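Structural overview for review
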There are 2 protein chains.
Amino acid sequence: MPESTKSAPISGDLSIRAAQACVLDKIAPLGTEDIAIERALGRVLAAPIYANRDLPPYDVSAMDGYAVRAEDVSTAPSTLRMIDDIQAGDMPRKPISAGQCARIMTGAPVPPGADTVVRVEETRVLADGSIEIALPVKAATDIRVRGENIRTGDVALPGDTEISPGALGVLATAKAARIEVYRLPRVAILANGNELEALTAPFDAEKIPDANSYALMAQVQAQGIEPVRLGIARDEPDALAKYLRRGLEFDVLLVSGGTSVGVHDHVRPTLAALGVALHFYRVQMRPGHPVAFGTTGRGIVFCLPGNPVSSMVCFEQFVLPALRALGGHRTLFRRTVTARLTQPARSRPGRVEFVRVTLARSECGDYAATPLGKQSSGDLLAMARADGLLVVPAASRGLAAGESARVQLLETGAFQESAGLGENTDLGENA
Amino acid sequence: MPESTKSAPISGDLSIRAAQACVLDKIAPLGTEDIAIERALGRVLAAPIYANRDLPPYDVSAMDGYAVRAEDVSTAPSTLRMIDDIQAGDMPRKPISAGQCARIMTGAPVPPGADTVVRVEETRVLADGSIEIALPVKAATDIRVRGENIRTGDVALPGDTEISPGALGVLATAKAARIEVYRLPRVAILANGNELEALTAPFDAEKIPDANSYALMAQVQAQGIEPVRLGIARDEPDALAKYLRRGLEFDVLLVSGGTSVGVHDHVRPTLAALGVALHFYRVQMRPGHPVAFGTTGRGIVFCLPGNPVSSMVCFEQFVLPALRALGGHRTLFRRTVTARLTQPARSRPGRVEFVRVTLARSECGDYAATPLGKQSSGDLLAMARADGLLVVPAASRGLAAGESARVQLLETGAFQESAGLGENTDLGENA
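The rules behind the values
Residues numbered from 1 in each chain as written. Chains lettered and ligands numbered in written order. Predicted model: local features only at pLDDT ≥ 70, side-chain atom pairs only at ≥ 80, totals over all residues. Pairing = 2+ DSSP bridges. Helix = DSSP H or I, 4+ residues; strand = E, 2+ residues; numbered from the N terminus. Axes fitted to C-alpha atoms, helices over the stretch in contact; angles between N-to-C directions. Contact = placed C-beta atoms within 7 Å. Domains from an automatic or database assignment. Nonpolar A, V, L, I, M, F, W, Y, C, P; charged D, E, K, R; others polar. Core = buried A, V, L, I, M, F, W, Y, C linked by C-beta atoms within 7 Å. Buried ≥ 20, exposed ≤ 12 C-beta atoms within 10 Å, placed from the backbone.

1. As for the sheet that holds strand 13 (residues 187–192) of chain A
Within a sheet, adjacent strands bond to each other through the backbone by hydrogen bonds, running parallel or antiparallel. Residues and elements named next belong to chain A. Here we have six strands laid out as an open sheet, ordered 16-13-17-21-20-18, and mixed in their pairing. Across the chains shown, the open sheet's two edge strands, defined by having one partner strand only, are strand 16 (228–233) and strand 18 (277–280). Neighbour-to-neighbour, the strand axes of this sheet turn through a mean angle of 20°, independent of strand direction. Looking at chain direction, strand 17 (residues 252–256) and strand 21 (residues 300–304) are connected through five bridges and run parallel. Within strand 21, the residue paired with Leu254 across the bridge is Phe302. Strands strand 13, strand 16 and strand 17 of the sheet are contacted by helix 3 (residues 212–221), whose axis makes an angle of about 160° with strand 13. In the packing of helix 6 (residues 308–326) onto the sheet, the strands contacted are strand 17, strand 20 (292–295) and strand 21, and the crossing angle to strand 21 comes to about 165°.

In C-alpha cells:
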C-alpha cells in the first residue's frame, strides 16, 4: 500500500465522485492465478492470448454448394462434371481441372484448383449426373480465406480482457485449457449492532433481523465472489476488536452498522486502534450519507450504514467498483440508461439522491422510470423490486414527472419482459 | 408435453418473434426445489414469503439525538433533564415524563412517554448536564413507526419474484433460511462435426478447434446453470444417435453444428428418428439462419449453427429466454438500450441482422454504437469484445451513421467505464 494510506481522514462530506476516486486511487489489481477454462467466465485475463493457428486453417466453403474454377463459370449456364464430394473434416487431395467441380459442404476445405464456390440453390443435377450452374459466378465467392479471422501468432485476446462467453470461445480456439487471470478479492462481511438477530437464532420480538449480512453477501456473490460472513459483533470495543482483527485478514472487509458518530459507535475508533487509516466517513449522498473507507497495509475496509437500503446503495457506488478494480476489470461501474420519470421524485438539495425505480419501455421506445414505495431508507421491499437506481443530482430540489435522469441498472435490471426487437412494422417481419 | 409437440415442422422461414413464441408456447417452469438462502441469488420464488414480524418491531429513532415529549419542545429554546441513554438493542422501560428526555441512537426503541426525536445537531449539553434544544420540534419527527415497512402476515415477496440482492435481504428479515424456488433446467451441450478438434486433443493442423462447446457453456453458466458437455459427435448416424440419446435425457439439449440441409447433415433426421418433434428449422435472421427447435415428451432441443458467432446469436434469441422461462423468470429477454450508429451498418433486407457493437456514451449522453470488425459470422473475436447486439430490422437495407437502433446488452455490457452520475455541473457537486 502506498504512503497515502497514512493521510488524515477527510472530515467534511465528500462528493460521490471524489469518494470513488479516493477508493480507486488506493487499490490496484490483486495478484494472478492459473484457472481452468470452465471457471473463467467473468474473470479478467492477466496476459494476452495468442492464436496458435490460422483460422480458418485453410480456405473453406462458406456455403453448401460446389467448388469450381471461376473461369469455368464466368458465363451461364455452364455444365460441370462432379469428381468429388467434400465434407467438413475431409482433406481433399483431388485437384479440380477444367470442366470439373466438387460437391462441398459449409466449412469444408476448398479443393486444389478450385477458386470459387457456387451455392447449391443456383445449381441443378442433370440426368447424366453433371451439374448445371444457372448464373455466372465470380472468383472467390463464398470462400472464407485461410487466416481471415486470425493468423498464427496474432493476439487473440489482449491482456485485461474480461472473459465474456465469446472470449471464452476464443480461449477454446487457442486451446487455452488453463489461463492466467487476476485473482478475485477475498471478502469478509461483519454485521455490527446489539439489536441484531442472526438468521439462525431463535425468534426474539425485541430484536431486528440481520438482513445486511445477506443482502451484502448476495451483492458480492453477483460479482462471482463467495464472501465469508463473520457473524454479528456486539457494539462493544473488545468484542468488536476480535471480529475486526479477523476481518482485516481479508482483501476487503465490509462492516455493516456502526457508521454513525454517536457516542456508542465503536467501529471507527476500534478500526483506528487496529491500524486502519480512514480516508473518509461521510459522502454527499442519500441514502447512505455515513459511509467510511479505510486501508491497512494489505487490505481495505468499508463501513456501511446499518440501514439495509443505505448499505446496498453504498455498496453499489463504492464497493462494487472496488471489487471490480481489484479483480482487474476496466469497466467498474453499472451500465446506465436514461429514463423519464412517470412520477415526481422528491429530493433535498445538497446530496445526490438515489431513487429506487422500476423501468418500462414507454410508447415512443424510451425508458419510463417509476419510483417504488415511499423511498424510505428502511424500505428494503422497494429495493428488492428495483430495476435500477435513478440519480437525482445534488443541486436538484427534485425532479418532475416527465423529466429525464440516468438510471444505474441493478442485477434484475439486466433483463426485460419483451424481446426488444421493436414493432413488427419496424422489423418488416412477415409473422 | 402438450399435443402440439406432434405437429409437423414449419418448413418456411419463421420470423424471430414467431420462433420465440413457438419456443415459449411449448415450455413452462420446471418443478420446484428447496434451497439454502446462500444459493438463492438469481433464482425465482415458487411461493410467496410472508413477514413474520412487524418491521420496525417497535417505534425507533431515525437519528442520533434525544427522545422527548413534543409538548415539551413546541417552543424554543427548551431545556430537558436526561434520564436515560438508549442504544439500538436496548429495550427502554423508563417512561419519559414532563421536562425529561433520553439520549437515543439511530435504530434504538423510542421509550414510553416520548413521541418525537430531536437530532443531536439541534441540541447542546449545558453545564449542569441538562439538554438545551435550540429549535421547536413537532410530534413524530425522526421516528420510524412500528410496522411502517411491513406488518406481520403481509406478503414480503410475492411468488415468482426473482431473488435480487435486495430480495435476498428480505428473505433474511423473514428468517427464510431455506426457500422453495423453481429448479434450474439441466442442460447438455453436444458439438457435432468431423472437422472438430477437442480442447484437450493433440493439435492437428487439419482440424478446427471446438469453440462452440465452450462459448455455449459460458452462455449457460452466465444464467447460473452448470451444463454438461457431452463432447464431439462425428457426423455419422449411429455415433450421433448414441450421443443424442444421452443428450435427450436432459431438460435442454443444445446441439452445435449440423443444422444445414446438406446431404451429409444427419442431426435433424437422427433427432426425428429418436422421436423429437421439430417445430422450425429456419429463422429470418443473420447470423443464425439455420436454427432448429424440437421437443420430446420431456425436454427440448435446439440445433444451433456450427459457426460460433451464429451459434451465440441464436442462443441469445431463443435458448436464453427458454432457460429463463424454465427457471420461472418473468423477464426473459436482454435489456435493450437505444444507440446511435457511429458507422453505417450494412444489411441485406429479408432477415433481421444482429450487428456486434461496442457502446460508448456520446457527448449528449446518448449511446453511440460502433460495429466491430467485418461482422463476418466467423469473427468470434468481435463477438468476444461486443457490449451488445444491435438489431437491424428485416426490412432495412442497412443503417446509416447517425441512425438509431436498439442494442441488446450482452454480459460484458452490464458494466461501463464511467460512474454514469452525469457531469459535475449536473450534480452540483463540490468536488
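This is not the end of the story, as more comes after the structure.
2. What to know about the domain arrangement of chain A
Residue and element names in this part refer to chain A. The domains assigned to chain A are domain 1 (3–30 + 184–326), domain 2 (39–53 + 156–181), domain 3 (60–144) and domain 4 (336–414). Within the residue set of the side of domain 1 that touches domain 4, elements represented by two or more residues are strand 19 (285–286) and helix 6. It is helix 6 that contributes the most residues to the side of domain 1 that touches domain 4, six residues altogether. In terms of residue class, the side of domain 1 that touches domain 4 is built from nine nonpolar, four polar and two charged.

3. Side note on the sheet that holds strand 7 (residues 116–119) of chain B
Residue and element names in this part refer to chain B. Here six strands make up an open sheet; going across it, the order is 7-4-6-5-9-8 and the pairing mixed. Of all the strands in the sheet, the pair left with one neighbour each is strand 7 and strand 8 (123–125). When strand polarity is set aside, the average angle formed by the axes of neighbouring strands in this sheet is 40°. Two strands pair when backbone bridges link them, and strand 5 (residues 78–86) and strand 9 (residues 131–133) are joined in this way by three bridges, in the antiparallel orientation. In the strand pairing of strand 9, Ser78 is matched with Ile133.

4. Some words on the nonpolar core
Ranked by size, the top nonpolar core spans 212 residues in total, and within it Leu390 of chain A together with Leu390 of chain B carry the most contacts. The residues touching Leu390 of chain A, leaving out its near neighbours within four places in the chain, are Ala339, Ala345, Val355, Val357, Ala369, Ala405 and Val407 of chain A. Ala102, Ile104, Val110 and Val118 of chain A belong to the second-largest nonpolar core, a separate cluster that totals 24 residues.

5. Observations regarding the interface of chain A and chain B
If you look at the interface, chain A gives 105 residues, while chain B gives 106 residues. Ranked by residues supplied to the side of chain A that touches chain B, first place goes to helix 2 (residues 165–173) of chain A with eight residues. Classifying every residue of the side of chain A that touches chain B gives 51 nonpolar, 36 polar and 18 charged. Relative to strand 22 (residues 333–334) of chain B, strand 30 (residues 415–416) of chain A is paired through two bridges, and the arrangement is antiparallel. If you follow Phe415 of chain A over to strand 22 of chain B, its bridge partner there is Arg334 of chain B.

6. Concerning unusual backbone geometry
Both trends apply: most residues other than glycine have a negative phi, and most peptide bonds are in trans. Residue and element names in this part refer to chain A. In the segment running from Leu55 into Pro56, the intervening peptide bond is cis, with an omega of -10°. As for its position among the elements, Pro56 is in the loop between strand 2 (49–50) and strand 3 (60–61). For Ala140, which is not a glycine, the phi torsion comes out positive at approximately 65°. By secondary structure assignment, the location of Ala140 is in the loop between strand 9 (131–133) and strand 10 (143–144). Taking the C-beta count within 10 Å as the criterion, Ala140 has 12 such neighbours and is therefore assigned exposed. With a phi angle near 50°, Asp142 is a residue other than glycine that sits in the positive phi range.

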